[in-house]
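# Fold and geometry: a report
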Amino acid sequence: MIEIKNLTKSYAGRTVVDDLTLTIPKGTVFGFLGQNGAGKTTTVKIAVGLSAPDSGTVTIAGVSAENPASREKIGFAPEAPYFYDRLTGLEFMRFCAELFPRPDPGVGAALTPGSLGRMESILRDVGIYEAKDRAIATYSKGMRQRLGFAQALVNDPECIFLDEPLDGLDPLGRKEIKEIIKKLHAEGKTVFFNSHILYDTEELCDSIGIIHEGKLLYTGPVKEFCAGSPLETRFVELIEAQKHHI
Amino acid sequence: MKTIYVIAKNTFREAIRDKILYGILGFAILYLFLTLFLAKLSLEELPMIKSFGLAGIYIFGVLITIFLGATLIFKEIERRTLYFVISKPVSRAQVIVGKFFGLYAAVALTVLVMALFYFGVIAYQGGGLDLGGLVAVFLELLELLLLTALLTFFSAVMAPLLATISAIMLLFVGHLIDGAVMTLQAEAGGAAFQFFNALRFVLPNLSKFNVRNIVVHELPVEPSSIVVAVVYAVVYSALLLYLAAVFFKRREL
């Protein structure tokens, strides 16, 4: 379970996340929606330990996000990822796996977290297995996005944070990533993802949160929010109503 | 410890796959061979080869360290590759220490390759095993340890150009400060002497690591001065890494 309580974060005097409170139950696929600069990425960065809040807390399975131990059971795929270009895809996966406190069972091991078998299986799932021994410098934008997603799964996480996971992917790539998210959902994993591709969000999510200028406008089941209308229409209506209200 | 080792191994692998590193190393080895010809210009060939050779190892070692070290942490912040590392159960202090050891391993490897060529050249010239040269290279490695820590610190708090300029300035000051203090003590004394003498305890005092002129002329190096150099390099580097970790912990990614 992810619990965000009264989270506030400012940059250079501008409040980016303003008293945000959210609870995401275990096993939920949660879409965090908002315009550019609404505070989505900042929230995720605090949850995965990349940034510290000014006030408030984020706990993952009861452990504070500021404690590195909270990251043993999470995965994170950043938006538009950059890599160590001189490594191969498989070397990068191995590097990420070795950062977790588990022994590396080596070649031919079963699909245990961090094992070569698991790494290869994930690379197959995301569609870049054939390129695993090539330097990342030679990967296309879509392949990099897939590798960023793949490394988030290397430790068999309970909870996966994805920042714009479908951005930069072609239709086939989007379909494959969506299939993996659905598979993770079926396995009972919690998936928290930021997205501005609302069609996909509607298809994937159990529940959503809508954030605007750092403030949470809505949180709850996606179907309840849509009430028969497309998510995009309802989203635009809510944001515009908020702007007029201000 | 395992996390630090993993980060160090990755940093080392990235560093040794850098083509520019091989460019610098190629020039260094070419230079070491050229010392054979340069030495023919002097009356005493072997001391000249030793002098040029050890200075070459030092200068190219410094060049490689600055080239690889000035962007060590900064590049990871700018390119956001650290997102993959910090979002794992890894502390920022572990990142600093791991990057430091990985870079130093790459620097030490290149210095050892250069030293191998140097000792080969000396043996070829009939100098046998240059034990003094071994001591000089060991102390050069210690200085590069300190320089690596300095660059790790700078790259965690400032941009690469500023880090490079700061490191070069400290290298000059670090080598000259002992001489400056002695000159001031002999000639003037007073406030200027007190000021530079105080600086000597704050800024890296690098003259401890330079025994090249001594070993070239086959004079003995005091074992106690080697012990002092080892302790100084380790303690100063540890302090710099501690400071780098403190600053880096507060830095927004």
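This text goes with the structure placed above it.
Residues numbered from 1 in each chain as written. Chains lettered and ligands numbered in written order. Predicted model: local features only at pLDDT ≥ 70, side-chain atom pairs only at ≥ 80, totals over all residues. Heavy atoms only, no water.

## With respect to the overall build of chain B
Applied cut-off: Secondary structure elements follow DSSP: runs of H or I of four or more residues count as helices, runs of E of two or more count as strands, with numbering from the N terminus. We compute the radius of gyration over the C-alpha atoms and compare it with the globule rule, which gives 2.2 Å times the number of residues raised to the power 0.38. Contacts: residue pairs with any heavy atoms within 4.5 Å of one another. To measure how exposed things are, a 1.4 Å probe is used in the Shrake-Rupley method; for residues, cover is taken only from the protein chains shown.
Looking only at helices and strands, chain B has eleven helices and zero strands in total. In chain B, the succession of helices and strands from N to C terminus is α-α-α-α-α-α-α-α-α-α-α. For chain B, the C-alpha radius of gyration of 19 Å lies close to 18 Å, the compact-globule estimate for 253 residues. For chain B, the share of sequence-separated contacts (at least 6 apart) that also reach a separation of at least 24 residues comes to 81%. By element, 74% of the accessible surface of chain B is carried by carbon and sulfur atoms, the whole surface being about 11900 Å².

## Here's the deal with the interface of chain A and chain B
Short version of the rule: Each of two parts loses accessible area, computed with a 1.4 Å probe, when they are put together; buried area is these two losses added. Every case where a carboxyl oxygen of Asp or Glu lies within 4 Å of a side-chain nitrogen of Lys or Arg is listed as a salt bridge. Here a polar contact is taken to be a pair of N or O atoms separated by no more than 3.5 Å, where protein atoms must pair a possible hydrogen donor with a possible acceptor and residues adjacent in sequence count only if both atoms sit in side chains. Think of it as three bins: nonpolar holds Ala, Val, Leu, Ile, Met, Phe, Trp, Tyr, Cys and Pro, charged holds Asp, Glu, Lys and Arg, and polar takes everything else, Gly as well.
Contacts between the two partners involve 35 residues from chain A and, on the opposite side, 26 residues from chain B. With both chains or domains summed, chain A and chain B bury close to 3000 Å², and 54% of this area falls on carbon and sulfur atoms. Sorting the residues of chain A by area buried against chain B places Y84, R86 and L99 of chain A first, and these three jointly supply 27% of that buried surface. For R86 of chain A, the salt bridge is made with D18 of chain B, and the minimal N-O distance between the two is 3.1 Å. Run the count over chain A and chain B and you get 18 residue pairs in polar contact (both at pLDDT 80 or more). Secondary structure elements with two or more residues in the side of chain A that touches chain B: strand 1 (2-11), strand 6 (74-77), helix 2 (89-98) and helix 4 (141-151) of chain A. Considering each element in turn, the side of chain A that touches chain B owes the most residues, five residues, to helix 2 of chain A. Of the residues assigned to the side of chain A that touches chain B, the class counts are 20 nonpolar, five polar and ten charged.

## Overview of a nonpolar patch on the surface
Spelled out, the test is: Like charges are joined within 9 Å and nonpolar side chains (Val, Leu, Ile, Met, Phe, Trp, Tyr) within 5 Å, but only among residues with over 30% relative accessible area and no salt bridge; these make up the patches.
A surface patch of nonpolar side chains, about 660 Å² in accessible area, is lined by F27, L30, L34, F37, L38 and L41 of chain B. If you trace the backbone, F37 of chain B turns up in helix 2 (residues 19-39).

## Topic: the packing of helix 6 (residues 92-124) of chain B against helix 11 (residues 223-250) of chain B
Residues and elements named next belong to chain B. Rules: A fitted line through C-alpha atoms serves as each axis, taken over the contacting stretch for helices, and the angle formed by two N-to-C directions is quoted from 0 to 180°. These descriptions rest on fixed angle ranges, namely under 35 degrees for roughly parallel, over 145 for roughly antiparallel, 65 to 115 for roughly perpendicular, and the rest for oblique. The handedness criterion is simple: a crossing whose near helix is rotated anticlockwise from the far helix by less than a right angle is left-handed, and one whose near helix is rotated clockwise is right-handed.
Between helix 6 and helix 11, whose axes approach to 9 Å, the crossing angle comes to 135°. The angle between the axes of helix 6 and helix 11 places the two elements in the oblique class. Relative to helix 11, helix 6 is oriented so that their crossing is right-handed. Here helix 6 contributes R92, A93, V95, I96 and F100 to the contact with helix 11, which in turn contributes L241, A244, A245, F248 and K249. Classifying every residue of the contact of helix 6 with helix 11 gives eight nonpolar, no polar and two charged.

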